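Structural overview for review
Below are the chains, spelled out letter by letter.
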Amino acid sequence: MNEGGSYYLYDEKIILDQLAILKNAFPQVRIFYSAKTNPNKNILETLTKNGCGIDAASSAEVGYAAALNLAKEDISYSSPGKTKEDIKRTICVCRIVADSFSELELINETAKEKGLTAEISLRINPDFSMFGADGLPSQFGVDEEAVLSHKPFIDSLTNVKITGIHVHIQSQILDWAVLSRYYENVFRLAVFLKNSGFDIKIINFGSGPGVVYDRTSEKPLDIERLSKDMSLFIEKYNSVLNAELIIEPGRFLVCQAGNYFTKIVDKKISRGTVYLIVEGGLNGFMRPCAANLVKKFAKEISFSAEPLITNNNPCEFFVLNDSTRKEIVTVAGNLCSGSDILAKDVVLNEAKVGDMIMVTNAGSYGYSLSVREFAGQRTPKEYFKTLSGEILCTASNRFSLF
Ligand SMILES: *Cc1c(COP(=O)(O)O)cnc(C)c1O
């Protein structure tokens, strides 16, 4: 399939299975795929063809979504630090989520210049955090407490109407009870704002649903349990609000649908450690290298810094050969960097130069997050296996409305 070079392979069936799980669990909630997770064109196409909207994290991602002919209401654009140029390019093709009060002014000014009224959402940094504590300072959104005091300012904007809220504070959650409390808190916030005179037509709950990266220490999210609570909240709160409800998952849909493949180009032993040197380490798939880098200093990862770092073992490794013998190896890339370590002291099939290594959990924050051109290395290719088994060669970022 691939003469040398590293590549990603995504499986459409797994993506559609994951989508079905979410659709069944949340039948009254719309699903917007978070494109920054993996903006591969085939992935965007398959998800939007099956009813998803797109959550864009940049004006470029709005461009990818708009190129798929999505309706304006089906593209949500949320990021801090939008420039006037970003707003100008996107205001007619998506629903913008304002991230600050100064951004509200910028949107208002742009809408005025274009002679339109922009219906937008406001990203709120709520007065609660994911694990139950009070709200924290954040570079995202406006503080919940500041929204009311800015109501006169908001009402004074002639060409902007806020008709929805957006909240996203943490993702990769595997505890249904934590997510359940979060969803209820967002509903309560929406009710509070409605009672304070805001128009709430859309509630976007952001992401949250996590995936199992490390099968030895993590259990999958109990979606069925979460689904029951969500139905109760919808009955309790949304019968009054009557808002359109949106969640915007990324990794839940695609993480486990992707594997990363890279070739062993050298094998050596240094003071007792067996090194497999592969073509694409840090510059092909950065996440496992980032975890190793942190462990080098901290031994154990006791925090997450999504989407770069989740836990000690974000991937599993396999040498693709029939060997029945195992060996303990360290898998390193070919960059002149001590941080170019994909796996340390893992037990793999005994390998020889030329064998391929497969790395799991590569469907999200893989290709798009890696430093692909460092040291003039070749960029990995991307392949997409369709439901019918056809393998398409695709590339991210090669199409856009802009
Ligand atoms: C990154 C991001 C997501 C997707 O997060 P996942 O953990 O991949 O599900 C959704 N919404 C916003 C605002 C994000 O920044």
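Residues numbered from 1 in each chain as written. Predicted model: local features only at pLDDT ≥ 70, side-chain atom pairs only at ≥ 80, totals over all residues. Heavy atoms only, no water.

Time to look at the site of the ligand. The immediate surroundings of the ligand are formed by 14 residues, with Lys36, Ser171, Ser207, Glu248 and Tyr365 found nearest. The separation between an oxygen atom of the ligand and a polar side-chain atom of Ser207 is 2.5 Å. In this structure, a nitrogen atom belonging to the ligand sits 2.8 Å away from a side-chain N or O atom of Glu248. Protein contacts shield 91% of the accessible area of the ligand, which totals 390 Å² for the unbound molecule. A class-by-class count of the residues in the shell around the ligand yields 2 nonpolar, 7 polar and 5 charged. (Near = heavy atom within 4 Å. Polar contact = N/O pair within 3.5 Å; in protein donor to acceptor, adjacent residues only side chain to side chain. Areas by Shrake-Rupley, 256 points an atom, 1.4 Å probe, with all protein chains shown as cover. Nonpolar A, V, L, I, M, F, W, Y, C, P; charged D, E, K, R; others polar.)

One can find Glu144 in helix H6 (residues 144-149). A polar side-chain atom of Glu144 sits 2.6 Å from the main-chain amide nitrogen of Asp127. Once you skip the residues sitting within four places of it in the chain, Glu144 turns out to touch Ile124, Asn125, Pro126, Asp127 and Leu189. (Helix = DSSP H or I, 4+ residues; strand = E, 2+ residues; numbered from the N terminus. Contact = heavy atoms within 4.5 Å.)

This part is about the pairing of strand S16 (residues 356-359). What you see with S16 is no split at all: Met356 and Met358 on one side and Ile357 and Val359 on the other are buried throughout. Relative to S16, strand S11 (residues 258-270) runs antiparallel, the two sharing 4 bridges. For Phe261, the partnering residue across the bridge sits in S16 and is Met358. Sheet analysis places strand S13 (residues 317-320) next to S16, joined by 4 bridges and oriented antiparallel. Bridged to Phe318 within S16 is Met358. (Buried < 20%, exposed > 50% of the residue type's maximum accessible area, 1.4 Å probe, protein only. Pairing = 2+ DSSP bridges.)

Taking 1.5 Å of rise per residue, the 13 residues of helix H11 (residues 286-298) would be expected to cover 18 Å, and the 18 Å separating its terminal C-alpha atoms lies within 8% of that figure. Where H11 is concerned, the buried positions are Met286, Arg287, Pro288, Cys289, Ala290, Ala291, Asn292 and Val294. Residues of H11 that are buried in the fold lie against helix H10 (251-254), S13 and strand S15 (341-349). Count one or two residues on from H11 and you reach Lys299, which has phi positive near 65°. (Expected span 1.5 Å × (residues − 1).)

Quick look at the environment of Arg89 now. On the secondary structure map, Arg89 appears in helix H4 (residues 84-90). It is 42 Å that separates the C-alpha atoms of Arg89 and Ile357, two residues lying 268 residues apart in sequence. A distance of 2.9 Å separates a polar atom in the side chain of Arg89 from a polar atom in the side chain of Ser59.

Here the focus is the nonpolar core. Within the largest apolar cluster, 106 residues are counted, with the highest numbers of intra-cluster contacts made by Leu104, Tyr183, Phe187, Ile203 and Ile357. Sorting elements by how many residues they give to this core places helix H8 (residues 176-195) first, with 9 residues. When neighbours within four sequence positions are excluded, Phe187 is seen to be in contact with Ile203, Phe205, Met230, Phe233, Ile234, Tyr237, Asn238, Leu241 and Leu245. In terms of nonpolar packing, the next biggest core, distinct from the first, is built from 6 residues, Leu9, Phe261, Met358 and Tyr383 among them. (Core = buried A, V, L, I, M, F, W, Y, C linked by side-chain atoms within 4.5 Å.)

With respect to the helices and strands, Cys393 occurs in strand S18 (residues 391-394). Residue Cys393 is classed as exposed on the basis of its relative accessible area, which comes to 52%. C-alpha of Cys393 to C-alpha of Tyr7: the two residues are 386 residues apart in sequence and 10.0 Å apart in space. Leaving out residues up to four positions away in the same chain, Cys393 has contacts with Lys381, Glu382 and Tyr383.

Turning our eyes to something else, we now look at unusual backbone geometry. A cis geometry characterises the amide bond from Glu306 onward to Pro307, with omega recorded as 0°. Of note, Pro307 is situated in the loop between H11 and S13. Phi angles above zero are rare outside glycine, and Asn242 is one such case at about 55°. Residue placement: Asn242 occurs in the loop between helix H9 (223-241) and strand S10 (244-247). Phi angles above zero are rare outside glycine, and Ala375 is one such case at about 60°. Along the chain, Ala375 turns up in the loop between S16 and strand S17 (381-385).

Side chains that carry opposite charge are capable of pairing whenever their charged atoms lie near each other. For the structure on display, the rule yields 20 salt bridges. One salt bridge in this structure joins Asp74 and Arg30, with 2.6 Å as the shortest N-O distance. Placement of the pair is Asp74 in the loop between helix H3 (59-67) and strand S4 (75-78) and Arg30 in strand S2 (residues 30-34), with a sequence separation of 44 residues. Measuring nitrogen to oxygen at the nearest pair gives 2.6 Å for the salt bridge that ties Glu109 to Lys84. Placement of the pair is Glu109 in helix H5 (residues 101-114) and Lys84 in helix H4, with a sequence separation of 25 residues. Under the relative-accessibility criterion, Lys84 is labelled partly exposed at 22%. The network of salt bridges with shared partners includes Lys84, Glu109 and Glu113. (Salt bridge = Lys/Arg side-chain N within 4 Å of Asp/Glu carboxyl O.)

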